[in-house]
Structures are given as C-alpha cells and as structure tokens.
Amino acid sequence: MKEKLVLVGNGMAGVRTLEELLKIAPDMYDITVFGAEPYGNYNRIMLSPVLAGEKTINDIILNDRQWYAELNITLHTGKVIARIDRRQRKVMADDGTEAAYDRLLLATGSNPFIIPVPGCDLPGVIGFRDIRDVHTMLDTARSFKHAVVIGGGLLGLEAANGLKLQGMNVTVVHLTDTLMERQLDKVAGQLLQKSLEERGLHFLLATQTEAILGEDRVKGVRFKGGLEIASDLVVMAAGIRPNTLLAKQAGIHCERGIVVNDTLQTYDPRIYAVGECVQHRGQTYGLVAPLFEQAKVCANHLARYGIGRYEGSVTSTKLKVTGIELFSAGDFQGDETTENIVMKDASRGVYKKLVLKDNRIHGAVMYGDTVDGAWYFQLLRDGTDISDFRHTLMFGQAHLGDAGHGGKNAAAAMSDDMEVCGCNGVSKGDIVRAITSKGLFTLDDVRMHTKASASCGSCTGLVEQILASTVGDYSVSTKVRPLCKCTDHPHNHVRKAIHEQHLTSIRAVMDFLEWKSPDGCSSCRPALNYYCLATWPAEARDDPQSRFINERVHANIQKDGTYSVVPRMWGGVTTPNELRAIADVADKFRIPTVKVTGGQRIDLLGVKKEDLPAVWADLNNAGMVSGHAYGKSLRTVKTCVGSEWCRFGTQDSTGLGIRLEQKTWGSWMPHKFKMAVSGCPRNCAEATIKDFGVVCVDSGYELHVGGNGGVKVRATDLLCKVTTPGQVEEYCYAFIQLYREEAHYLERTAPWIERVGLSYVKEKVVEDAGTRLALAGRFRESQRHFQHDPWATEVEERRENYLPIKKLG
Amino acid sequence: MSDWIEIGHINDIPRQGARVVNTPQGDIGIFRTAEDELFALRDSCPHKGGSLSQGIVHGRRVTCPLHNWHIELTTGEAVAPDQGCAAVYPIRIDGGRISISLPLQINQAV
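Everything numeric in this text was worked out from a predicted model, so none of it was measured.

Participant: Before we go on, may I ask you to explain the overall build of chain B in this structure?
Facilitator: In terms of helices and strands, chain B carries one helix and ten strands. Start at the N end of chain B and walk to the C end: the helices and strands fall as β-β-β-β-β-β-β-β-β-β-α. Compactness check: chain B gives a C-alpha radius of gyration of 13 Å against a globular reference of 13 Å for 110 residues, within 12% of the reference. Structurally, chain B occupies a C-alpha span of about 40 × 30 × 20 Å along its principal axes. Buried residues in chain B amount to 50% of all 110 residues. Looking at chain B alone, contacts between residues at least 24 apart form 41% of all its contacts between residues at least 6 apart. Working note: accessible area of chain B is about 4,900 Å², and carbon and sulfur atoms make up 44% of it. Between the averaged position of the 9 positive side-chain charges in chain B and that of its 12 negative side-chain charges there is a distance of 3 Å.

Participant: What is the right way to read the sheet that holds strand β6 (residues 81–85) of chain A from this model?
Facilitator: In a beta sheet, neighbouring strands pair by backbone hydrogen bonds and run either parallel or antiparallel. Residues and elements named next belong to chain A. Strand order across the open sheet formed by three strands is β6-β7-β8, with antiparallel pairing between neighbours. Among the strands making up the open sheet, the edge pair consists of β6 and β8 (98–100). For this sheet, the mean inter-axis angle between neighbouring strands, taken without regard to orientation, is 15°. Sheet topology note: the strand β7 (residues 90–93)/β8 ladder contains three bridges and is antiparallel. What sits directly across from M92, in β8, is E98.

Participant: Whenever I open this one, the sheet that holds strand β8 (residues 88–89) of chain B confuses me. Can you help?
Facilitator: Spatially, five strands are ordered β40(A)-β2(B)-β3(B)-β4(B)-β8(B) in an open sheet, and the strand pairing comes out mixed. A strand with exactly one partner marks an edge of an open sheet, and here the two such strands are β40 (806–807) of chain A together with β8 of chain B. Where β40(A) and strand β2 (residues 17–22) of chain B come together, two bridges link them in parallel fashion. Within β2(B), the residue paired with A:K806 across the bridge is B:V21.

Participant: Sorry, what's going on with the pairing of strand β28 (residues 360–367) of chain A here?
Facilitator: Taken residue by residue, a regular strand's side chains alternate between the two faces of the sheet. Here β28(A) lies mainly inside the structure; six of its eight residues are buried. Between strand β27 (residues 350–357) of chain A and β28(A), which follow one another and run antiparallel, lie two residues, and A:D358 among them has a positive phi close to 50°.

Participant: Even after reading the chapter, I still don't get the interface of chain A and chain B, so can you show me in this structure?
Facilitator: Reports of interface size often rely on the accessible area that becomes lost once the parts have come together. Counting residues at the interface gives 30 residues for chain A, matched by 33 residues for chain B. With both sides pooled, the region where chain A packs onto chain B buries about 2,500 Å², and carbon together with sulfur makes up 56% of that total. It is A:Q545, A:I805 and A:L808 in chain A that bury the most area against chain B; as a group they hold 29% of the surface buried on that side. The interface formed by chain A and chain B contains one salt bridge. With a shortest N-O distance of 2.8 Å, A:K451 and B:D82 are connected by a salt bridge. At the surface where chain A touches chain B, the tally comes to 15 residue pairs in polar contact (both at pLDDT 80 or more). Every element with two or more residues in the side of chain A that touches chain B is listed here: α12 (443–450), α16 (524–535), α17 (549–553) and β40 of chain A.

Participant: Can you walk me through the packing of aromatic side chains in this structure?
Facilitator: For any pair of aromatic rings, the description consists of the separation of the ring centres together with the inter-plane angle of the planes. Residues and elements named next belong to chain A. Evaluated as defined, the whole model comprises 15 aromatic pairs over all chains. Plain terms: the ring middles of F692 and F735 are 6.0 Å apart, the flat faces sit at 35° to each other, and that makes the pair tilted. Placement of the pair is F692 in strand β37 (residues 692–697) and F735 in helix α22 (residues 725–742), with a sequence separation of 43 residues. Taken together, the aromatic side chains of F673, F692, F735, Y739 and W752 make up a single cluster linked through ring pairs. Taking NZ or CZ as reference, R217 lies 4.6 Å from the ring centre of F144, over its face. Here the basic side chain of R547 rests over the ring of W668, its NZ or CZ set 4.0 Å away from the ring centre.

Participant: It is not clear to me how the confidence of the model for chain B should be interpreted in this structure. Could you clarify?
Facilitator: When pLDDT is low, close inspection of the predicted coordinates is not appropriate. On average, chain B scores 90 in pLDDT, and the residues at 70 or more come to 92%. By mean pLDDT, helix α1 (residues 104–109) of chain B is the weakest element of chain B at 52, and strand β3 (residues 28–32) of chain B is the strongest at 97.

Participant: How do you make sense of a nonpolar patch on the surface when you look at a structure like this?
Facilitator: Residues and elements named next belong to chain A. Together, I24, Y305 and I307 make up a nonpolar patch on the protein surface, roughly 270 Å² of accessible area in all. Among the secondary structure elements, I24 is positioned in helix α1 (residues 12–24). Overall, I24 belongs to the partly exposed group, its relative accessible area being 34%.

Participant: Quick question: what am I supposed to make of the pattern of salt bridges here?
Facilitator: Where charged atoms of side chains with opposite charge meet at close range, the side chains can pair. Residues and elements named next belong to chain A. In this structure the tally under the stated criterion is 46 salt bridges over all chains. Note that E754 and R714 form a salt bridge whose closest N and O atoms lie 2.8 Å from each other. One end of the pair, E754, is in helix α23 (residues 749–756); the other, R714, is in the loop between β38 (700–705) and β39 (717–722), with 40 residues separating them in the sequence. A relative accessible area of 29% places E754 in the partly exposed class.

Participant: What exactly am I supposed to notice about unusual backbone geometry here?
Facilitator: Glycine aside, residues mostly have negative phi, and peptide bonds are mostly found in the trans state. The omega angle of the peptide bond from B:A80 to B:P81 is 5°, so this bond is cis rather than trans. Its place among the elements puts B:P81 in the loop between β7 (70–72) and β8. Notably, A:L264 is not glycine yet its phi reads approximately 65°, a positive angle. Within the fold, A:L264 resides in the loop between β20 (258–260) and β21 (271–273). Residue classification places A:L264 among the buried positions, given a relative accessible area of 0%. Phi is positive for A:H628, which is not a glycine, with a value near 50°. Take A:H628: it is sitting in the loop between α19 (612–621) and β35 (634–639).

The rules behind each value
- Within every chain, residues take consecutive numbers counted from 1 along the sequence as written.
- By the order in which they are written, chains take letters starting at A while ligands take numbers starting at 1.
- pLDDT decides what is reported in this predicted model: residues at 70 or higher carry local features, side-chain atom pairs at 80 or more are listed and counted, and totals for whole chains, interfaces and linings draw on all residues regardless.
- Hydrogens are left out, water is left out, and the side-chain values use all remaining heavy atoms of the structure.
- For helices the rule is a DSSP run of H or I covering at least 4 residues; for strands it is a run of E covering at least 2, with both sets numbered from the N terminus onward.
- Here the globule rule is a power law, 2.2 Å times the number of residues to the power 0.38, and the radius of gyration is based on C-alpha atoms.
- Accessibility here uses a 1.4 Å probe with only protein chains present; expressed as a share of the type maximum, an area under 20% marks a residue as buried, one over 50% as exposed, and anything in between as partly exposed.
- In this description, contact between two residues means that some pair of their heavy atoms is separated by no more than 4.5 Å.
- For every accessible area listed, the method is Shrake-Rupley and the probe measures 1.4 Å; residues are considered covered only by the protein chains on display.
- In this tally, Lys and Arg are treated as positive and Asp and Glu as negative; His is ignored, and so are the chain termini.
- Taken as the charge centre is NZ of Lys, CZ of Arg, CG of Asp or CD of Glu, depending on the residue.
- Should DSSP find at least two bridges between two strands, the strands are taken to pair.
- Lines fitted to C-alpha atoms define the axes here, with helix axes fitted over just the stretch in contact, and angles between the N-to-C directions of these axes take values from 0 to 180 degrees.
- Once two parts are joined, some of their accessible surface, as seen by a 1.4 Å probe, is lost; buried area is that loss totalled over both.
- Salt-bridge detection follows one rule: a side-chain nitrogen of Lys or Arg within 4 Å of a carboxyl oxygen of Asp or Glu.
- The term polar contact refers here to a pair of N or O atoms within 3.5 Å; inside protein, the definition further demands a hydrogen-donor-capable atom paired with an acceptor-capable atom, and it admits residues adjacent in sequence only when both atoms are side-chain atoms.
- In this scheme Phe, Tyr and Trp rings, the latter by its six-membered ring, pair at centre separations within 6.5 Å, and the angle between planes marks the pair as stacked below 30 degrees, edge-to-face above 60, and tilted otherwise.
- Lysine and arginine charges are scored as sitting over a ring when NZ or CZ, respectively, is within 6 Å of the ring centre and within 35 degrees of the ring normal.
- Per residue, pLDDT measures the predictor's confidence, with a range of 0 to 100.
- Exposure above 30% relative accessible area and no salt bridge define the residues that can form patches, which grow by joining like charges within 9 Å and nonpolar side chains of Val, Leu, Ile, Met, Phe, Trp and Tyr within 5 Å.

Right, here's the structure in full:
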C-alpha cells in the first residue's frame, strides 16, 4: 500500500513541493491536500494586479481543480485543519474531516499582522493577503470613497495603488519617515514617495495609529497627536507573521516560525514544513525563490532520495510598484565600517547606491534604472573583490557596447510589441504572456519557454526586470550552479576531481562523480571531453561523439546543413600560390561563396559534407592546414604590417603574430580564443578587443588580455609590459594555459577574468616567474599532443564518415 | 511484406552517433545510442530544419546542432517546452545488418 502524504496549506510553497515530488516519485504517496480558501492554488503575489484591475482571478490560478483530479490528489478546499494528532498520525479539520498520514507537510503560510488598536475588529478593517481581501476591497471601492492603508511597505503601497486605480481616495500611513525602509534607503524612499504623490496618493509618514473609529463599520482613523481622518476602509499592511498556530498546538517546536532543519524537517521527523510558515537557521522568507528552493529540497527528502540540503538564501528585491523600477539587496544602509558609492540624477529620476565593505559589495539600492541589479546581486552573493573595476562599477556591467536590444535598459518603459531579445526576436509581450500563461517564475523557465536571453544573453537584465514586474517579485538564491542537469557538481568541482583523481575519460568522471544520467547530455559531454583533454593531454583520448558538430567535422555548419571551410593563413599573410589553390578548390567544388573574415582569413562557404575530405586534401596539398575557425580553440592572430612596411610601425608585428600563431594553433580551449598584434598604439589590428592582444611600442610590447568584440564589447585589461619578443611568447603561453586550466567550459576570457579578477591573473602570470614558467611549460607539453592538422587526419582515417551510409533512388 | 531496405551494418555507425541515408524525398538520419539501440528519423529538426544526424546523441535523445533543440529518438518529438516532431521510420537489425522501412511514396520512388 502506498504511504499517505497530507499537505496542510494549499498555497504556492506547498503545492510546488508536491509538483517537485511528483516529478521524481510520481507513485510514492497517496496525497491529500487541505486548503482553508475555497480555491485551487493561485499566485498570491499577483493579487496586486487583480486589485489594480489588470488581471482577473482566473489569470492567477496556478493549479485548477482538474490538476488535482488528474493526479489523483484528494483536495479539500474551504477546510481549516483544527488539530494534528501526532500519536495517531492524523489531522482533523474544523468540519470533522479527518485524514491519516505517514508524512505530513505543513505549508500554512503567514497571516497579516493586525495592529491591536481599538476598533481593529470592525467590519471594513482587513489585511491584504488573499482573494477574499481583494474582493472586499473591490466591493468597498464600488460604494465608498475613502481608504486608509496602514503600512508603507511593499504590500501597503501595492494595495494603495490598486485602491487608487479603483477610484478611491487613498492615504498611506507609515510608522517611520521612509517608505519601504526595509528595501530602500531614505533618498530612494523619497524619490518613490514623490512619484507616488504625483499619481495621487496621500502620505502620513512618522505617524502612529491610535484607534479605528466607527460603530457598526469603519468610519475613520485617529492618530497619535489627535489627527482624525474619515475612512470607509482600512487595510492593515503592517507586516506578516508566520502562521504557526496549528504547529504550536500540536507541540511542534516553533519560535518566530516552525523551526526546520536543512532538510525542511520539523522537530517531529514525520512532519515537514515549507514556505512562509517556517524558520530556517533563524530566518523566515517571504519571496518566491527561497520558497521554491525549499520545496525542491523537501520533495527530495519526501521521495527518500536523501540528498540535497537547503542552506538558506540571500534575497534581493526587485519590485515594480506602479511602474516604478526599484531594486535592493543586502545591507544597503551601511555603517561605520562600510563605504558608499552614490549616483543621483534627479531629473532622470535615477538613483543608485552601492555599499562596499573591504572592496566587496555589501548592499545595493537602485531606483529608476535597475538593469544592473542582477549583476550587483551576483557580485554580492559571490563576494567578488571589485577593486579591479571599482572605477567603472557604478556604471554597471552594460555601460558600453551592449548590442542587441536597442539600448533599452528599463523594461517598464517598453511597450508590449518592443523587441527585448534581438537574437531570437522575442518581444516584451511574448515574455509577459509566457510568464502568465505558463506560470513561469525563474529566468531559466523564461529562457526555456521563450528563448529570450537564451542565446547571447545581452538582454538578461531586461528579461529579469520583466520577470520581476510580471511575477511580482524576483529573487535568486545562493546556490552554486551545477554544470548541467546531469549532476549537482559545479564546473570547479568537476575540474578539481579530474585533476586530483586522475580521471582521464568522460566515463571515469561520470562514474566517480555519480552522474545522474547514463551517458550525459549535449551540455556536459563536450565540457568533460575538454576538461579531460586539457588536464591530461598525454593520456586522455578525444571522444569525437562528445564534440559539437563543428569540432567533429572540422568545419563550420551553416543553416542549410552545408559547411564553411577556412584554411589557416598565418598572421593573415598569404601568397599567390595559396590564393591560387583556394581559387582552384572553389572552382572545382563549385563553392558558392568566398568571403574574407574578420580575422583576416578566407572563408569558403557552402561546402557539402561529403566534399569536405576532398576539399581539405587539395588545400593540404597546397601547404595549408585547418584554420580551426570552427572550434573552441585558438582561432586567428590578426596582425598589421608593422615595422616592415608601415611608417609608424615600432616592431615587427607581422613576424611576431605569425610566430605566436605557429606556436599556439591546434590548442583546445574552454572557448574560442583570438589574438592580435599591432605594430604601434594606432592599433590597426584591434588588439585591445582580443583575448590576448599585443600592442607594440617603441620600448617594447604591451600585453593586453580579456577583450571581446562581440555581444558585449569589452576592452582588454593591461596585463603588463615586456621588452622582448621571447617574453611576449612566454607570457602568452602562460596566460593561455592558466585560462585552459581554470576557466569553465564555454567561458570566454572576458567573463573569466571578471570572475577571478585581473589581480589573480597578474599574480600567476606576471608576479611569480616560477608559476609563469611552469604554466608556459605545461602549454608547450600540451601542444606536443595537439598540434596536428585535423584535416589531414580525417582525410587519412575517417573519410567514409563524411559520406551517406546509403544512397537510395 | 518485403518493404524493408537494407542500408548498412551497425558498425558503420559510431556509438552515440549517426549516419545519413539519402532518399529522393530527403535525408533520413540513422542513430545509434550508447546502448546500441538504433533509430531512424527524418534528418530535419522541426524547428528550422537542422540536420539532426549532425547533433550530439545522449541517452535516447539527440540535440540539434543549429539551436540546441532536444529531440526524442523514440518518437521524434521535441522535448518540452519546445514543440514539434520529426518523422520516425521503422528500423530493424538482423545479424548486424540494418534495414529501414519507408512509407509508400518514398518506397515507390526507389
């Protein structure tokens, strides 16, 4: 017989736990759900838009009754559980309904805090917590005029905004002198207040409520000091309290909330609790992301997988109050041990404050322009040392060179038909519709369903803003991202295990780290193949089936299934003979397009797969090898003509570029890797947007690293200056090897350096000669194994793989 | 019914890989999983027509090389939330020799 699971509380956290549980153990339990409200599970965060008239109740239902029926879940709505009998393991509802359990899940949520002043129990005094409250407000707005909202926090302001939109005259009363003081500092609070006043709301700040007036229903409110105002409705939005009543009565240990451990278990091992009612490591949570993370961990334990711990969440608030962009995270008030960086532009209505401690972000408040909120929050969570880019920190990650979303950085100001994701053609309306119709809550969900920000990622900030304003809140937890769905280990763990455990094959890594899928997926296999090869160049065997098609067939797949072929042209220098050979190949194989690339090479586009070996053979015969224009590898070294021809040239940039390319070609990398050598600071080879760039000067060579000319233009950081070509080579190899050994697969040098910090790279490559020599040595050793022309090998050994297995007709 | 057409030997297809059969009606991808199961699918992703035979095979799925859609080899269906289907053809193996069965109009054209 199946075990019985009873859920008390038919809200977002509890039902999410069931969803997670049913995903991994669909047949384990007979499930019964008790909900006090007469509805299926709905999105409580969306009550504000319902009040504002932007949505209906039906729009915010997450799980309708049919959902429960289809999954054979017994649903009791409108029944409040009155008692838990822990000895006999059953729960009893106020109408006498009983249900026995083997496991009990408490998700009783929270209650609005009703300030205990005289008159607080009068009709017309409500909280803002459920659908019934919203109905009360809407009904009142139809026949009455004046409303008072007590509490100028998030919930209160949303209630006030909604009531105003319903035509009421609304006054917000707040105990302190700053609105939303838990999320905003004083300046941001004042900006917010000003724009809300412009929308017609009235405020009484630093005001304490003394009594609610009226006989049979509310007539007004009196404040300390004697002021009285008329009111037909009082909304108490002065905070929420975890609903622990039931648990307390059953003798389960509670403090502010129901106390749970890292597996979401209460002091009674048969009873779990999730959501706003719990207290975990002293914290209570009211945002979606932590609750959903709790749900996932709890489901895992209910399914007896026994792995996964909830370790708490750092939350950020990025909230849309009536079309106003707000973001805050961490400790944004600061104290005597912190410093502030502040930017305020009153006429643009923009305010940003970053609180720093020991060169790390400690907190952030943003008003008006929140596009970089997610970035600051990530820096905060990761504890990144920001000293390397402190001078540009305030201008955000996206302050220059971001392509693909028309320069927009405030989602609220965008209309529904405006394009957010320029790669995949996704408009704001598409994203909003997907979020509401499919019930999406996370960035990953949105990416999966709409593809917005799933390609180049430059519009991620905008998508997060839209998510925040549509879902109602948006928060991320601290969890380290696993490499892919097949494992819980992040990239770093995997690399470490491969190194320390001497793992030389994909199979060995999967076995040692207990991969969850039998043979991985298209995300992890290429990564593992690379990590094994890069760590153990002499021992690991390449697995072509774990390579992306371009690396498997050493050409670049095009949209019509043909390929493009780029022969190597050292340093971008060619000869009449090479050009003749390329022209002959293009004629012989009827190659439709011949194009010069951005990296100073010639691209032959539209080659049929079965022609590839013959095309390569002809190019090989003319002395050319693969240009690796398809791989996560050294691509090109772009050069200018330097001192050999140019009247400004200071050094032989062409010769140096050719030498660098001849020494580094063929090396597999975490991602593509581009170099350039410019002969003088005029920088015609554009060396300062390359992964490794050399700018020759009269006295030597400037070495620049971490540049990128693509989606997000990033100028290089200066690594150091050296004096001889030999030094350039050594530093170059050391830098490449550090990147090869430590970056995550598919991480370009630019984000890698931003992650680990330029100081770290300098420490390894510049400051410590021993480390530099060792790195360069390991690179040379690795090159002994990889510097072979793959085209020649394929022509020799695997020609038949390029042909159809059979031609019919 | 002898509408089975022999197309080659299992050893001609790499494990976790695929080869193509050209037909007058378009290419068919022949996929071999790590467990030596074989599948035949129209070599065209329901998304933008990418050549599925060029993708990475993992479990009983293949990832399209153009935009990373995941396609179930057993049914040809795109893995949710993506939606679409690539046609699946009957396939059998006998002593290492692989045969596929084509729908009428392709068969007649042979």
